[in-house]
Amino acid sequence: MDEMIMERVSAEERETLIDELMDRYGTEILRLVYSYVHNYQLAEDLTQDIFVKSYKSLHTYKGKSSLRTWLWKIAINHCKDYLKSWYNNHVIPVEDSYIYDVNREGSAEEEAIQQEEDERLVHSVMGLPVLYREVIYLHYYEDIPIREMARILSVNPNTVKTRLRRAKSLLKERWEE
């Protein structure tokens, strides 16, 4: 799929490709967007916008990175643009209670304790500044290698390592409070 030359792709092929990208990466992108905006309904809307933007920009894909990396870069830039937008800074969205769906086995007490710890960890990660939150998310939730994170974020791999180390330190401080 990544080897395709996007400049000469027909409209029908583009629709097929974008459908495949949505099926393959839709949930990942939704989680990524949620990590930025902290609101599930808003994350769904922004994810849809990201795929529309990707569809319109397929002709710009040059094959220098994987389609996944290209899509993630579009998603991260779109989230950052949204966070800087007038709408985000002047309109207060309704809070939601999005909780990651995790299958668990054990007693009700163990499940309650685990859920509390999971919520505390998610809250701690979401409380980090965006620079640190995005590297934590990409590293631990999406298991993306440092070099690919550097390409996605358009920074040096050493910068990614520094941000990751600082993010871990901040999380450790918050967890010990």
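Scroll up a little and you will see the structure.
Summary of the structure given here. This one's a predicted model, so the numbers in the text were calculated from it and none came from an experiment.

Points about the packing of helix 6 (residues 130–141) against helix 8 (residues 157–176)
Right, so step 1: The geometry of helix 6 relative to helix 8 is characterised by a closest axis approach of 8 Å and an angle of 95° between their N-to-C directions. Comparing their axes, helix 8 and helix 6 come out roughly perpendicular. Contact with helix 6, carried on its side by Leu131, Tyr132, Glu134, Val135, Ile136, His139 and Tyr140, involves Val160, Arg163, Leu164, Arg166, Ala167, Lys168, Leu170 and Leu171 of helix 8 and no other residues of that element.
Right, so step 2: For the contact of helix 6 with helix 8, the residue count by class is 10 nonpolar, one polar and four charged.

Focus on a nonpolar patch on the surface
Right, so step 1: Taken together, the side chains of Leu121, Tyr140, Tyr141 and Trp175 define a hydrophobic patch exposed on the protein surface, amounting to about 390 Å² of accessible area.
Right, so step 2: Topologically, Tyr141 is positioned in helix 6.

Some words on the environment of His78
Right, so step 1: With respect to the helices, strands and loops of the structure, His78 is situated in helix 3 (residues 67–84).
Right, so step 2: The class of His78 is buried, set by a relative accessible area of 15%.
Right, so step 3: In this structure His78 touches Leu46, Asp49, Ile50 and Lys53, once residues within four positions along its chain are discounted.
Right, so step 4: At a separation of 3.2 Å, a polar atom in the side chain of His78 contacts the side chain of Lys53.

Cut-offs applied
- Residues numbered from 1 in each chain as written.
- Predicted model: local features only at pLDDT ≥ 70, side-chain atom pairs only at ≥ 80, totals over all residues.
- Heavy atoms only, no water.
- Axes fitted to C-alpha atoms, helices over the stretch in contact; angles between N-to-C directions.
- Helix = DSSP H or I, 4+ residues; strand = E, 2+ residues; numbered from the N terminus.
- Parallel < 35°, antiparallel > 145°, perpendicular 65-115°, else oblique.
- Contact = heavy atoms within 4.5 Å.
- Nonpolar A, V, L, I, M, F, W, Y, C, P; charged D, E, K, R; others polar.
- Patch = residues over 30% accessible without salt bridge, like charges linked within 9 Å, V, L, I, M, F, W, Y side chains within 5 Å.
- Areas by Shrake-Rupley, 256 points an atom, 1.4 Å probe, with all protein chains shown as cover.
- Salt bridge = Lys/Arg side-chain N within 4 Å of Asp/Glu carboxyl O.
- Buried < 20%, exposed > 50% of the residue type's maximum accessible area, 1.4 Å probe, protein only.
- Polar contact = N/O pair within 3.5 Å; in protein donor to acceptor, adjacent residues only side chain to side chain.

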